[in-house]
Amino acid sequence: MAAPNESLDISGARVHNLKNLDVSIPRNQLVVITGLSGSGKSSLAFDTIYAEGQRRYIETFSSYARQFLGNLERPDVDQISGLSPVISIEQKTTSSNPRSTVGTITEIYDFLRLLYARTADAFSYATGKKMVRYNDRQIEELIQKKFRQKKIILLAPLVKSRKGHYRELFEQLIKQGFLRVRINGSITELKAKMQLDRYKTHQIEAVIDRLEVNEASKQRLSQSILHGLKTGKGSLMVMDAQSEEVFYYSRFLVCADTGISYDDPAPNLFSFNSPVGSCGKCNGIGYIAEIDEKKIIPNPALSIRKGGLAPIGELKNTWIFQQLELLGKYYRFTLDTPLCDISEEAVGVILYGTEEILNPIGDKKNKSQQASSFEGIVNFITRQQEELQSKTIDRWAEGFSNTVSCPKCEGTRLKKEALFFKINQSNIAQVASLNLNALREWVGHVTEGLDERNRIVAEEIIKEIDSRLGFLIDVGLDYLTLNRSAFSLSGGEAQRIRLATQIGSQLQGVLYILDEPSIGLHQRDNVKLIDSLKRLRDIGNSLIVVEHDQEMMEAADYILDIGPGAGIHGGKVVASGNFNQITKAQSITADYLNGKKIIPVPAHRGKGSGKYLELEGATGHNLKNLHVRFPLGAFICVTGVSGSGKSTLINETLYPALNRHFYRALKNPLPYKKLSGIQYIDKIIEIDQSPIGRTPRSNLATYTNVFNDIRTLMADLPESKIRGYKPGRFSFNVKGGRCETCLGAGLKTIEMNFLPDVYVLCEDCEGKRYNRETLEIRYQGKSISDVLNLTVKDAVVFFERIPSICHKLRTAEEVGLGYITLGQSSTTLSGGEAQRIKLSTELSKKDTGNTFYILDEPSTGLHFEDIRILLEVLHKLVANGSTVLVIEHNLDIIKVADHVIDLGPEGGDGGGQIVFEGTPEALAKCSRSHTGRYLKKALSAKKPD
């Protein structure tokens, strides 16, 4: 036991499956908690230590403040001592907000906005010339010099390219004593009740003075200039009376040739989250929804009557079809004419409408058949969205739209003026699109193009930007760009961004808890991550890392191995100490670390069916016109350094293309030229790590649909039929059979006023979820509540005579989920467990042998032993003729693949190429591949005797 104040001591932890755990964790060290998936690692780290830290923090607030913050559940633990302030860094995407980017969440973009607001040069978007600004004295001197001995007219700009009649403006000018105005280039006298065409665009300037510039008029010129600047709100126009050429002067930034002026730049001008700087068309999102004509007319061979116009379907007695019928009489088609036979002009009117009042051809006098103006199907869809503003209508409209880059800002998110402020010839959008390595290089040279004043202003801003970039690069995120949307980040990337932010904060005396920070990180970058964690420790912090990565364990000061098994068989400390001590322990983890157990390299590589799925011309994001062949009937692994293009190729190009082909999915794949070989597969299945449910009422039984079979079984029992019970009686989500005191939750929330809420078993049902009458129905002595408390392993035996139930549960057991209870809440499942539940659900379905499975980093959250079990399942799928493709960094999975596609060689702009295609053995010999260098060692591990 460590000395007082040098350890975090936990006594009697019973959260989830923890077995009254007593443990002492050293402070100010890098501590790794490992163990089988479901053994209780997260229960100890997050649901006990972090939860108690948060609860204590909130208790320091006043009771008034706590009522707004909400209360946290008290973890089931006797005592925790030596607890520091806790910060959790989990595998959660930082933000789903489309406005959030890497730049905004790291605050680097905020400093970049400040840099541009204070030091950037403005250029005219009309001429490209540098904008100028003058003070009053400079304006006077310039006019005297330029127009000496010339007659000039001083004008004050009032209206710039705006519609209106401007009657009130003219009346106001008359009252102020003005005699003339210049309207659209012509000088005219002001008259009472004067007005313009309100539907036309106008340019209006007040005539301030007419004079000849000489020594005698010097004082008059000075006064007129001041009067003109005041009237023109800081801007002044000077017209040569003889040539009528106009010149512009302003206290603000102005284009001397065109008179275009900009306001003084402020940081919010460069913010796409501010109305001041955001693009007016996409409102700062960078993309818009654009109606796709092909989705409106998916089959041109159909007629309007037969549903050729997808948004309105087949013929109905509605106004829109009546309008289309009248249009047909004008354009010589009927509702039975195939759309491909209707003239191009008529199809254009059908889609985009017309404001003309149309009459049937040859019958202009017949008013009874006169068609009113037609808005068009495209405008009809848009109007439905704007007027009804319903989620259902939005989903309906999205079915006929594509998401495209905003044509006005070209995806930069910013208004035009913001893009013409430049530093060293680069605008802020161009700088934000650089990868972090290139950005750091740009920042390092930015002062070279600045004058002395701006260099002094920029120095402190540059220091902040450079230090933050350094932290991000140090955790292996150099391939990211500041304009990368936050919702496109993987869990591992988001977690490392938060880690870099915490390193930059330089806090001391904090307990950091991290959940598998190595997720999505290539072995090459793992060293950078470990060094960053050590740096955080060395400045005076404690780190608890839930991890399975061997390199992380080797770098740890202290390791806790939780087990010995998973679920009810876990929740105990089976070993603790440094890496050498752990390898000598009696545990499954130790067996893999010391080499007693390994995942063996297969004796023979599968050759597949000899058929291929080929993707040609993939150019999304950083992909360099890839041509990739995927051997069917094989186990394929897609590898490469972080940011090399793996997710772009598979998740954003291949999968959406296949999904659209098989299921008519709405999501469009990223650009590619051709996809061939689809005829050799009959379905596509993607298995990701998103939760199987977001409420505590969702569980393994409900997600796999085995609960429907169980409820039907209970309803078919003789006692149920006598009582008239239907399957709904055995649902805890609807009235009838559930306990109404806890509404089927099994727990009751006790409000403690300003103290945290306490959750206790419902006193009526005692946590069983159902009322007494429902629990009286028993199958082989077990009620519906008893069945939900069975583990998957026990349930397989219990339902062995019911094939429909047993088959689904057996597949869940085969993927290593035998320890989970049927009724365990989905909110308590890890990402790896959720992924395996999805996999078991797909396995329980009838397999045709021509299925294409895609798994994104299935090793996430999995122990060495869990990976071995998972690989057995995946190889069974391949043995049945299906194709399994995994995106992975885990060497144990890569080394058993039949075919490896390695992307790179680097991340970001330096990636997007195929570095290697072939077997793992050949990859290990590829000198250009970073993956191959690390794979060589993994392939050399020998199977123990």
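Above: the structure in question.
Values in this document were obtained by computation on a predicted structure and should not be read as measured data.

Caption draft 1: Quick peek at the overall build of the protein chain. Check the secondary structure of the protein chain and you find 33 helices and 32 strands. Projected onto the principal axes, the alpha-carbon positions of the protein chain cover approximately 110 × 80 × 65 Å. Counting all 945 residues of the protein chain, 52% fall into the buried class. Sequence separation of 24 or more characterises 68% of the internal contacts of the protein chain that already satisfy a separation of 6 or more.

Caption draft 2: Focus on helix 33 (residues 930-940). Within helix 33, the full set of buried residues consists of His930, Thr931, Gly932, Leu935, Ala938 and Leu939. Within helix 33, the buried residues cover an arc of 165° as seen down the axis, which keeps them to one side. In helix 33, the exposed positions angled more than 90 degrees off the buried face are occupied by Lys936 and Lys937. Where helix 33 begins, one side-chain oxygen reaches toward the backbone nitrogen of threonine 931, 3.2 Å away; that side chain belongs to serine 929.

Caption draft 3: Here's a closer look at the packing of aromatic side chains. Under the defined criterion, the tally for this structure stands at 20 aromatic pairs. Taking 5.5 Å as the distance between ring centres and 20° as the angle between the ring planes, the aromatic pair formed by tyrosine 592 and phenylalanine 864 counts as stacked. Residue tyrosine 592 is located in helix 20 (residues 588-593), and its partner phenylalanine 864 is located in helix 30 (residues 864-879); the two are separated by 272 residues in the primary sequence. Owing to a relative accessible area of 9%, tyrosine 592 belongs among the buried residues under this scheme. Of the residues examined, phenylalanine 864 reaches a relative accessible area of 10% and is grouped as buried. Note on phenylalanine 707 and phenylalanine 732: the rings are 5.7 Å apart at their centroids and 35° apart in plane angle, and the pair reads as tilted. Placement of phenylalanine 707 in helix 23 (residues 706-715) and of phenylalanine 732 in the loop between helix 24 (718-723) and strand 27 (747-752) is noted, with a sequence separation of 25 residues between them. Across the pair, exposure class does not vary: phenylalanine 707 and phenylalanine 732 are buried alike. Following the ring pairs from residue to residue traces out a cluster consisting of Tyr116, Tyr125, Tyr262, Phe270, Phe420, Phe421 and Trp442. One residue, arginine 413, lies across the ring of phenylalanine 272, its end atom 4.8 Å from the ring centre. The ring of phenylalanine 707 carries the charged tip of arginine 711 above its face, separated from the ring centre by 5.5 Å.

Caption draft 4: Region of the structure containing the sheet that holds strand 25 (residues 674-676). Across the sheet, which stays open at both edges, the three strands sit in the order 23-22-25 with antiparallel pairing between neighbours. Because the sheet does not close on itself, it has two edges, and the strands there are strand 23 (626-631) and strand 25. Strand-to-strand, the axes of this sheet are offset by a mean angle of 10°, without reference to chain direction. Pairing of strand 22 (residues 612-618) with strand 23 involves six bridges; the strand directions are antiparallel.

Caption draft 5: Fine view of helix 14 (residues 436-445). Looking only at helix 14, the buried set comprises Leu436, Leu439, Trp442 and Val443. End-on, the buried residues of helix 14 take up no more than an arc of 115°, which puts them together on one face. Helix 14 presents Glu441 and Gly444 as exposed residues on the side facing more than 90 degrees away from its buried surface. Packing partners of the buried residues in helix 14 comprise helix 4 (108-119), helix 13 (428-432) and helix 15 (452-474).

Caption draft 6: Structural context of the pairing of strand 11 (residues 235-240). Counting buried residues in strand 11 gives six out of six residues, a clear majority hidden from the surface. What you see with strand 11 is no split at all: Ser235, Met237 and Met239 on one side and Leu236, Val238 and Asp240 on the other are buried throughout. Where strand 7 (residues 151-163) and strand 11 come together, four bridges link them in antiparallel fashion. Residue pairing for strand 11: isoleucine 152 is matched across the bridge by aspartate 240. In this sheet, strand 12 (residues 246-250) lies alongside strand 11 in antiparallel orientation, the contact comprising five bridges. Considered in strand 12, the bridge of methionine 239 is made with valine 246. Here strand 11 folds back onto strand 12 in antiparallel fashion, the turn holding five residues, of which glutamate 244 has a positive phi close to 60°.

Caption draft 7: Structural view of the nonpolar core. Counting 150 residues, the largest nonpolar core has Leu112, Trp442, Phe635, Ile710 and Phe799 as the members making the most contacts within it. Those residues in contact with tryptophan 442 that sit more than four places away from it in its chain are Leu112, Leu115, Tyr116, Ile423, Ser426, Val431 and Leu434. Grouped together as the second largest cluster of nonpolar side chains are 29 residues, Leu190, Leu196, Val238 and Tyr249 included.

Caption draft 8: Highlighting the environment of serine 161. Structurally, serine 161 can be placed in strand 7. Linking serine 161 and isoleucine 204, residues 43 residues apart in sequence, is a C-alpha distance of 8.5 Å. Not counting residues within four places of it along the chain, the set of residues in contact with serine 161 comprises Thr201, His202 and Gln203. Within polar-contact distance, the side chain of serine 161 engages the side chain of glutamine 203 at 2.5 Å.

Caption draft 9: Quick look at the pattern of salt bridges. One pass over the full model with this rule turns up 40 salt bridges. For lysine 808, the salt bridge is made with aspartate 709, and the minimal N-O distance between the two is 3.0 Å. You can see lysine 808 sitting in helix 28 (residues 803-814) and its partner aspartate 709 sitting in helix 23, a full 99 residues away along the chain. Linked by salt bridges that have partners in common, Glu719, Arg723, Arg772, Glu773 and Glu776 make up one network.

Caption draft 10: Broad picture of the side chain of threonine 931. Along the polypeptide, threonine 931 turns up in helix 33. With residues near it in sequence (within four places) discarded, threonine 931 still touches His522, Thr639, Gly640, Ile894, Asp902 and Leu923.

Caption draft 11: Quick peek at the sheet that holds strand 20 (residues 558-563). One open sheet accounts for six strands, arranged 5-18-19-3-20-21; its pairing is mixed. If you trace the sheet from one side to the other, it starts and ends with strand 5 (86-89) and strand 21 (572-577), each paired once. Along the sheet, successive strands turn relative to each other by an average axial angle of 20°, direction set aside. Sheet topology places strand 3 (residues 30-35) next to strand 20; five bridges connect them, and they run parallel. Looking at the pairing, threonine 34 lines up with aspartate 561 of strand 20. Its contacts with the sheet put helix 17 (residues 523-538) on strand 3, strand 18 (511-515) and strand 19 (542-546), and the angle it makes with strand 19 is roughly 150°.

Caption draft 12: Quick peek at the environment of serine 488. Mapped onto the elements, serine 488 comes out in the loop between helix 15 and helix 16 (491-505). Residues serine 488 and threonine 101, 387 residues apart in the sequence, show an inter-C-alpha distance of 9.1 Å.

Caption draft 13: Structural view of the side chain of serine 7. Structurally, the position occupied by serine 7 is in strand 1 (residues 7-13). For serine 7, a relative accessible area of 2% corresponds to the buried category. A distance of 3.1 Å separates polar atoms of two side chains, one belonging to serine 7 and the other to aspartate 9. Of note is the side chain of serine 7, whose polar atom sits 3.4 Å from the side chain of serine 24.

Caption draft 14: Highlighting the packing of helix 23 against helix 28. Closest axis-to-axis distance for the helix 23/helix 28 pair is 9 Å, and the angle between their directions is 150°. Taken as axis vectors, helix 23 and helix 28 run roughly antiparallel relative to one another. Classified by chirality, the crossing of helix 28 by helix 23 is left-handed. Contacts between helix 23 and helix 28 pair Val706, Asp709, Ile710 and Leu713 from the former with Ser804, Ile805, Lys808 and Leu809 from the latter.

Caption draft 15: Examining unusual backbone geometry more closely. In this chain, glycine 563 is followed by proline 564 through a cis amide linkage whose omega measures 0°. Mapping proline 564 onto the fold places it in the loop between strand 20 and strand 21. A cis amide bond, omega 0°, links glycine 904 with the succeeding residue proline 905. Phi at glutamate 410 takes a positive value of approximately 55°, unusual for a residue other than glycine. Mapped onto the secondary structure, glutamate 410 falls in the loop between strand 16 (401-405) and strand 17 (421-422). Its identity as a non-glycine residue notwithstanding, asparagine 705 has a phi of 70°, on the positive side.

Caption draft 16: Geometry of the packing of helix 5 (residues 136-146) against helix 7 (residues 218-231). Between helix 5 and helix 7, whose axes approach to 10 Å, the crossing angle comes to 125°. By the criterion of interaxial angle, the relationship of helix 5 to helix 7 is oblique. Both helix 5 and helix 7 take part in a crossing whose hand is right-handed. Residue-level inspection shows Asp136, Ile139, Glu140, Ile143 and Gln144 of helix 5 in contact with helix 7, the latter providing Lys218, Leu221, Ser222, Ile225, Leu226 and Leu229. By residue class, the composition of the contact of helix 5 with helix 7 is six nonpolar, two polar and three charged.

Calculation notes
Residues numbered from 1 in each chain as written. Predicted model: local features only at pLDDT ≥ 70, side-chain atom pairs only at ≥ 80, totals over all residues. Heavy atoms only, no water. Helix = DSSP H or I, 4+ residues; strand = E, 2+ residues; numbered from the N terminus. Buried < 20%, exposed > 50% of the residue type's maximum accessible area, 1.4 Å probe, protein only. Contact = heavy atoms within 4.5 Å. Arc of directions from axis to C-beta. Polar contact = N/O pair within 3.5 Å; in protein donor to acceptor, adjacent residues only side chain to side chain. Phe/Tyr/Trp six-rings, centres within 6.5 Å; stacked < 30°, edge-to-face > 60°. Lys NZ or Arg CZ within 6 Å of the ring centre and 35° of its normal. Pairing = 2+ DSSP bridges. Axes fitted to C-alpha atoms, helices over the stretch in contact; angles between N-to-C directions. Core = buried A, V, L, I, M, F, W, Y, C linked by side-chain atoms within 4.5 Å. Salt bridge = Lys/Arg side-chain N within 4 Å of Asp/Glu carboxyl O. Parallel < 35°, antiparallel > 145°, perpendicular 65-115°, else oblique. Left-handed = near helix turned anticlockwise from the far one by under 90°. Nonpolar A, V, L, I, M, F, W, Y, C, P; charged D, E, K, R; others polar.

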